Amino acid sequence: MTTTTAQRTRTIITEASLPALPNHIKLRHDAGRGRWHVLAPERVFEPDEIAVEILKRCDGATPVSAIAGVLSKEYNAPLSDILADTISMLQELADKGVVKA
Amino acid sequence: MNEIAPFEQFSEATADSCARAPIGLLAELTHRCPLQCPYCSNPLELDRVNQELTTAEWQDVMRQAADLGILQIHLSGGEPTVRKDLEQIVEVAAKAGLYTNLITAGVTLTRDRLKALQDLGLDHVQLSIQDVDDANAEKISAYKGGLEKKRELGKWVREFSMPLTVNAPIHRHNIENLPNIINFAVELGADRIEVANIQYYAWALKNRASLMPTRAQVLRSAEIVEEAKERLKGVLVFDFVVPDYYAKTPKPCMGGWGKGIINVTPQGRVLPCHASEQIPGLEFDNVKSKRLADIWLNGQAFNKYRGTSWMKEPCKSCPKAELDFGGCRCQAMAFTGDATNTDPACKFSPHHAEFVAAAERESANPNPPAFVYRRLGGAKSGAETE
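What follows deals with the overall build of chain B. Summing up its helical and strand segments, chain B has 15 helices and 10 strands in all. Seen along its three principal axes, the alpha-carbon backbone of chain B occupies a region of about 60 × 55 × 50 Å. Across the 386 residues of chain B, 51% fall into the buried class. Put simply, 73% of the contacts in chain B that link residues at least 6 apart link residues at least 24 apart.

Rendered as structure tokens:
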């Protein structure tokens with residue numbers, strides 16, 4: 001909903017949300033360590049494989065439902081489960097300031 | 001892999017894979033600072049301006065850091081913005097792919113300069129505040145009008161849509177204002193707040209008797225943070241640093257010695273932690289004579305307390321040895337006179353009772369001693385300053 005970094009309301013993730021990484025959050029591949037990192041203020045997160053797949057698709061234009069749809073096919077898992085997990089992960093990340101929508 | 005793995009695995013980086021290189025580099029660009037806070041983490045012996053690394057030397061440190069696999073650069077001081085070449089250093093750091101964080105008191109930065117830094121790739125601003133009461137903030141920092149300048153900086157940061165962290169060092173002279181400090185961060189537009197109880201090293205240790213809050217105050221502040229965290233979920237991210245004098249287990253200092261953090265001083269000395277110069281027997285290399293990677297991997301100071309092999313009892317056989325690494329070497333040194341001792345913050349330390357008693361005694365004193373302000377030569381005088 002809000003696009004400024006200084007958002008004063010909680011972002012609630014739904015299946016229609018268009019998640020994106022704010023400018024100051026960087027998903028970066030670290031060749032030396034052979035893994036992905038999310039760089040945030042005073043924080044470095046190590047997303048697992050699925051989290052990386054979700055974050056790569058957080059482009060501000062793809063709805064959560066479409067991200068879950070792709071993963072559901074890729075991992076051959078029921079859409080409803082994937083959707084619920086994706087929303088809960090993105091909500092957690094939004095609360096940490098890593099994802100905006 | 002058919003199922004989505006537990007998302008809890010999205011955790012902060014602590015894996016062994018990170019030990020290959022530090023995650024963060026704390027670059028103390030200068031020890032110069034217009035503020036004189038009595039809890040400053042800089043050493044009592046401050047580097048002078050003519051000792052500081054040159055622009056080219058700092059730029060080389062940034063490139064070497066990226067080559068080594070460091071992810072984040074914390075540009076600190078003193079006050080990093082008093083260096084006129086900050087832009088040139090930020091530019092090189094950002095181009096090298098480093099995540100750049102400016103740690104500032106916010107009283108010397110202009111709007112134009114902040115914009116220029118953003119355009120050069122500065123990722124994040126961390127602004128320290130002393131208190132939200134003007135008179136008290138002035139008393140703590142020995143600097144007039146600071147709070148107004150910080151408010152102004154906050155406006156510019158918002159205007160440029162930059163991410164902002166408010167860092168609030170907490171002690172007996174501002175702990176009662178914590179709710180207002182949190183409100184201030186929200187109003188300023190911060191995304192994150194560090195409610196950082198003072199860690200007692202260097203100037204803070206010298207001023208411990210003036211700064212230590214009571215246990216009741218600390219417990220109350222923890223409740224305030226818990227409540228605010230819930231209320232401000234998704235608005236303000238909290239980092240709460242507890243004062244270890246009232247803890248039962250020590251903090252995993254620096255995330256382990258020589259494991260995640262590397263520190264370069266204004267004159268180029270490379271330290272495992274900013275307080276480690278007080279530990280005797282450590283040999284610190286300088287970026288002027290050795291490569292950063294060589295220092296990180298092979299430096300005597302880094303290897304001295306890396307891992308767990310240096311430990312003695314009660315750390316050695318402790319099941320938490322790999323979790324808290326025996327706590328803080330500098331605190332063990334400062335309080336027990338032996339850096340290989342267990343951190344006195346640990347309940348298993350034979351010095352723990354004495355450690356807690358010091359905090360209780362000092363915090364209960366209704367008339368704490370005057371501050372020894374942080375300034376060149378200030379530690380030697382030891383006297384109350386104007």
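Once the structure has been displayed, the description carries forward.
Further remarks concern the sheet that holds strand β2 (residues 24-28) of chain B. Residue and element names in this part refer to chain B. With mixed pairing, 9 strands are arranged side by side in an open sheet as β8-β7-β6-β5-β4-β3-β2-β9-β10. Looking at strand neighbours, the two that pair on one side only are β8 (237-241) and β10 (270-271), the edges of this open sheet. In this sheet, strand β7 (residues 192-197) lies alongside strand β6 (residues 164-170) in parallel orientation, the contact comprising 6 bridges. Residue pairing in the sheet places Pro 169 in a bridge with Ala 196 of β7.

This part covers the environment of B:Ser221. All names here are of chain B. Along the chain, the position of Ser 221 falls in helix α9 (residues 215-231). Given 21 C-beta atoms within a 10 Å radius, Ser 221 is considered buried. Considered as a pair, Ser 221 and Ala 301 are 80 residues apart in the sequence and their alpha carbons are 36 Å apart. Once residues within four sequence positions are removed from consideration, Ser 221 is found in contact with Ile 170, Ile 175 and Leu 178.

Another aspect to go through is helix α13 (residues 329-336) of chain B. Residue and element names in this part refer to chain B. For α13, a buried count of 6 out of 8 residues is recorded, marking the element as mostly surrounded by other parts of the structure. Every buried residue of α13 is accounted for by Arg 329, Cys 330, Gln 331, Ala 332, Met 333 and Phe 335. Of the surrounding secondary structure, the elements contacted by the buried residues of α13 are α14 (352-364). Following α13 by one or two positions, Gly 337 has its phi on the positive side, about 80°.

In this section: the environment of A:Leu18. Residue and element names in this part refer to chain A. Topologically, Leu 18 is positioned in the segment before β1 (26-30). By the C-beta count within 10 Å, which is 16 here, Leu 18 ends up partly exposed. Sequence separation between Leu 18 and Ala 51 is 33 residues, and the spatial gap between their C-alpha atoms is 16 Å.

B:Met62, B:Ala65, B:Ile73, B:Val166, B:Ala185 and B:Ala204 are the most contacted members of the largest nonpolar core, which totals 130 residues. Ignoring anything within four residues of it in the chain, the contact list for B:Ala204 reads B:Tyr39, B:Ile198, B:Gln199 and B:Leu211.

As a further point, take the packing of helix α2 (residues 64-74) of chain A against helix α3 (residues 79-95) of chain A. Axis angle and axis distance: for two packed helices, these are the angle between their axes and the distance between the axes, and together they describe the pair. All names here are of chain A. Direction vectors running N to C along α2 and α3 enclose 125°, while the axes themselves pass 9 Å from each other. Classified by the angle between their axes, α2 and α3 sit oblique to one another. Judged by the sense of rotation from one axis to the other, the crossing of α2 with α3 is right-handed. Contacts between α2 and α3 involve Val 64, Ser 65, Ile 67, Ala 68, Gly 69, Leu 71 and Ser 72 from the former and Leu 79, Ile 82, Leu 83, Thr 86, Ile 87 and Leu 90 from the latter.

A few words now on the pairing of strand β3 (residues 72-76) of chain B. Residues in a regular strand point their side chains to alternate faces of the sheet. Residues and elements named next belong to chain B. The buried fraction of β3 is high, at 5 of 5 residues. Residues of β3 alternate between two faces, with Gln 72, His 74 and Ser 76 on one and Ile 73 and Leu 75 on the opposite face, all of them buried. Relative to β3, β2 runs parallel, the two sharing 5 bridges. When the bridges of β3 are listed, Leu 25 appears paired with Ile 73. Once you follow β2 into helix α1 (residues 55-68) and on to β3, the crossover reads as right-handed. By the bridge criterion, 4 bridges tie β3 to strand β4 (residues 99-104) in an arrangement that is parallel. From the neighbouring strand, His 74 faces β4, where its bridge partner is Asn 101.

With an omega of 10°, the peptide bond between B:Gly77 and B:Gly78 qualifies as cis. In this structure, B:Gly78 sits in the loop between β3 and α2 (86-95). Between B:Glu313 and the following residue, B:Pro314, the backbone shows a cis peptide bond with an omega angle of 5°. With respect to the helices, strands and loops of the structure, B:Pro314 is situated in the loop between α11 (300-304) and α12 (321-324). Even without a glycine there, the phi angle at A:Glu42 is positive, about 60°. Among the structural elements, A:Glu42 can be located in the loop between β2 (35-40) and β3 (43-46). Even without being glycine, B:Phe325 reaches a positive phi, approximately 55°. Within the secondary structure, B:Phe325 sits in the loop between α12 and α13.

Residues and elements named next belong to chain B. Where α1 contacts α2, the two axes come as close as 8 Å, and the packing angle between them is 20°. Regarding the angle of α1 to α2, the classification is roughly parallel. The interaxial crossing formed by α1 with α2 has right-handed handedness. Contacts between α1 and α2 involve Thr 55, Trp 58, Gln 59, Met 62 and Arg 63 from the former and Gln 88, Ile 89, Val 92 and Ala 93 from the latter. For the contact of α1 with α2, a count of residues per class yields 5 nonpolar, 3 polar and 1 charged.

Reading the values: rules and limits
Residues numbered from 1 in each chain as written. Chains lettered and ligands numbered in written order. Predicted model: local features only at pLDDT ≥ 70, side-chain atom pairs only at ≥ 80, totals over all residues. Helix = DSSP H or I, 4+ residues; strand = E, 2+ residues; numbered from the N terminus. Buried ≥ 20, exposed ≤ 12 C-beta atoms within 10 Å, placed from the backbone. Contact = placed C-beta atoms within 7 Å. Pairing = 2+ DSSP bridges. Core = buried A, V, L, I, M, F, W, Y, C linked by C-beta atoms within 7 Å. Axes fitted to C-alpha atoms, helices over the stretch in contact; angles between N-to-C directions. Parallel < 35°, antiparallel > 145°, perpendicular 65-115°, else oblique. Left-handed = near helix turned anticlockwise from the far one by under 90°. Right-handed = clockwise from strand over helix to strand, strands pointing away. Nonpolar A, V, L, I, M, F, W, Y, C, P; charged D, E, K, R; others polar.

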